[in-house]
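Analysis of the macromolecular model
Okay, here's what each chain looks like letter by letter:
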Amino acid sequence: MGKIIAVVNQKGGVGKTTTAVNLTAALHDLGLKILLCDFDPQANASSGLGVDKRRIRHSAYDVIINDVSVEQAIVSTKYGDVLPSHPDLAGAGVELLSLPDPNHRLGAALKEVKDKYDLIFIDCPPSLELLTLNGLCAADSILVPVQCEYFALEGLSDLMATLRMVKRRLNPRLDIFGVALTMFDGRTNFSTQVAQEVRRHFPGKVFTTVIPRNIRLAEAPSHGIPVTAYDRSSRGAKAYTAMAEEIKNKL
């Protein structure tokens, strides 16, 4: 049976979607069968793997609100399978409240396909609301991207409080799969200090590989491809490939 990992951080701009997209592609390259569930209404993870949200028949919104099966909505790409998002998902938080068991709609849907994948990533919205709660209830564990800057540390306590609440009340199996240090700038002492602080707070959970600031990582989404396809020799591509190997070994 596959493992479901929610990629989550309520702070935007920390490399959450970049991490979800590029780990999906890198693990696919390593021979694993991967599904990326884009659960962010911005749909950036979908477009980052080349899925045109204007041409899809069904999306994650249809799956949780209209009871469309996940298999009907999945789009296959060269870099892994995608359950695409759609801007309609932005209003789903309100609509979910009128549906039975609103916290577990995504988890119930993903059970259909869990056995068909080695790993399912859920790219959660950058907030702690009902969509993110669905992602946390569906997941076996979470992967937390942390930007190597001061303000990124401030929100971690809120995220950990939410994690404890979900674990206690809704999903007792939920734990931390790993913490990914992103946007690391080796030229500054501060990035190193933040990395040390995160490792101190999450002993044994922080990936050895750190993701550097890299222009190729920023450019790849505009071409609708992961960085490993855009420039395999770039520092960003090598870092995500190394992190994917850590994940494969951990699985």
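Structure's up top.
Residues numbered from 1 in each chain as written. Predicted model: local features only at pLDDT ≥ 70, side-chain atom pairs only at ≥ 80, totals over all residues. Heavy atoms only, no water.

**Considering the packing of aromatic side chains**
Note the cut-off: Aromatic pairing here means that ring centres of Phe, Tyr or Trp (its six-membered ring) are within 6.5 Å. Orientation follows from the plane angle: under 30 degrees is stacked, over 60 is edge-to-face, and everything else is tilted. Numbering of helices and strands runs from the N terminus, with a helix taken as a DSSP run of H or I at least four residues long and a strand as a DSSP run of E at least two residues long. Summary of the burial criterion: residues with accessible area below 20% of their type's maximum are buried, those above 50% are exposed, and those between are partly exposed, where the area comes from a 1.4 Å probe applied to protein chains only. Comment: the charge-over-ring label is applied if NZ (Lys) or CZ (Arg) is within 6 Å of the ring centre and within 35 degrees of the ring normal.
The full count for this structure, using the stated rule, is one aromatic pair. Where F177 meets F207, the ring centres are 6.4 Å apart and the plane angle is 55 degrees; that geometry is what we call tilted. With F177 in strand β7 (residues 175–182) and F207 in the loop between α10 (189–201) and α11 (215–219), the pair connects residues that are 30 residues apart, well separated along the chain. The exposure classification of F177 matches that of F207, with both residues buried. In this structure, K250 packs its charged tip against the face of F177, placed 4.6 Å from the ring centre.

**Notes on the pairing of strand β6 (residues 141–147)**
Our working rule: We treat two strands as partners when DSSP finds at least two bridges between them.
Most of β6 is tucked away: seven of the seven residues are buried. Across the two faces of β6 the burial is the same, with S141, L143, P145 and Q147 and I142, V144 and V146 all buried. One ladder, built from three bridges, connects strand β1 (residues 3–7) with β6; its direction is parallel. If you follow V7 over to β6, its bridge partner there is L143. As defined by bridge partners, β6 adjoins β7 across seven bridges and the pair is classed as parallel. The residue of β7 that forms the bridge with I142 is I176.

**Points about the sheet that holds strand β2 (residues 34–38)**
Stated precisely, the cut-off is as follows: Between the N-to-C directions of two axes lies an angle of 0 to 180 degrees, each axis being a line fitted to C-alpha atoms and, for a helix, fitted only over the stretch in contact. Residues count as neighbours in contact if any of their non-hydrogen atoms are within 4.5 Å of one another.
Overall, mixed pairing links the seven strands, which are arranged β3-β4-β2-β5-β1-β6-β7 in an open sheet. Strand pairing shows two members of the sheet lacking a second neighbour, β3 (75–77) and β7, which therefore form its edges. The average undirected angle you get between the axes of adjacent strands in this sheet is 25 degrees. Its contacts with the sheet place helix α1 (residues 16–29) against β1, β2, β4 (80–83), β5 (119–123), β6 and β7, and it is angled at close to 160 degrees to β5. Of the strands in this sheet, β6 and β7 are in contact with helix α9 (residues 156–169), which crosses β6 at around 175 degrees.

**Things to note about the packing of helix α7 (residues 130–138) against α9**
Where we set the bar: Here the word oblique covers every angle except those under 35 degrees (roughly parallel), over 145 (roughly antiparallel) and from 65 to 115 (roughly perpendicular). Crossing handedness: left-handed means the near helix sits turned counterclockwise from the far one by under a right angle, and right-handed means the same turn made clockwise. Throughout, the ten residues Ala, Val, Leu, Ile, Met, Phe, Trp, Tyr, Cys and Pro are labelled nonpolar, Asp, Glu, Lys and Arg are labelled charged, and all others, Gly among them, are labelled polar.
In contact at an axis separation of 10 Å, α7 and α9 are set at 55 degrees when each is read in the N-to-C sense. Put simply, α7 runs oblique to α9. For the pair α7 and α9, the sense of crossing is right-handed. In this structure, α7 contributes L133, L136 and C137 to the contact, and α9 contributes T162, M165 and V166. Split by residue class, the contact of α7 with α9 holds five nonpolar, one polar and no charged.

**Details of the packing of α1 against helix α13 (residues 235–250)**
Where α1 meets α13, the closest approach of the two axes is 9 Å, and the angle between their N-to-C directions is 70 degrees. In this view, α1 runs roughly perpendicular relative to α13, as classed from their interaxial angle. Counted together, T18, T19, N22, L23, A26 and L27 of α1 and Y240, T241, M243, A244, I247 and K248 of α13 form the full contact between these two elements. Split by residue class, the contact of α1 with α13 holds seven nonpolar, four polar and one charged.

**Side note on the pattern of salt bridges**
Any two side chains of opposite charge can pair, so long as their charged atoms come close to each other. Rule in force here: Salt bridge, as used here: a side-chain nitrogen of Lys or Arg that lies within 4 Å of a carboxyl oxygen of Asp or Glu.
Across all of its chains, the model carries 14 salt bridges by this definition. The closest approach of N and O atoms between D52 and R54, which form a salt bridge, is 3.1 Å. Judged by its relative accessible area of 27%, D52 is partly exposed. When the shortest N-O distance is used, the salt bridge between E149 and R213 registers 2.6 Å. Here R213 lies in the loop between α10 and α11 and E149 lies in the loop between β6 and α8 (150–154), a separation of 64 residues in the sequence. Several salt bridges converge on common partners, so that one network encompasses K16, D40 and D123.

**So, the pairing of β2**
Looking down a regular strand, the side chains alternate between one sheet face and the other. In terms of residue burial, β2 counts as a mostly covered element, since five of its five residues are buried. Residues of β2 alternate between two faces, with I34, L36 and D38 on one and L35 and C37 on the opposite face, all of them buried. Here five bridges tie β2 to β5, and the two strands are oriented parallel to one another. Residue pairing for β5: D38 is matched across the bridge by D123. Relative to β4, β2 runs parallel, the two sharing three bridges. Residue pairing for β4: C37 is matched across the bridge by L83.

Fair warning: the whole summary comes from geometry, so function is off the table for now.
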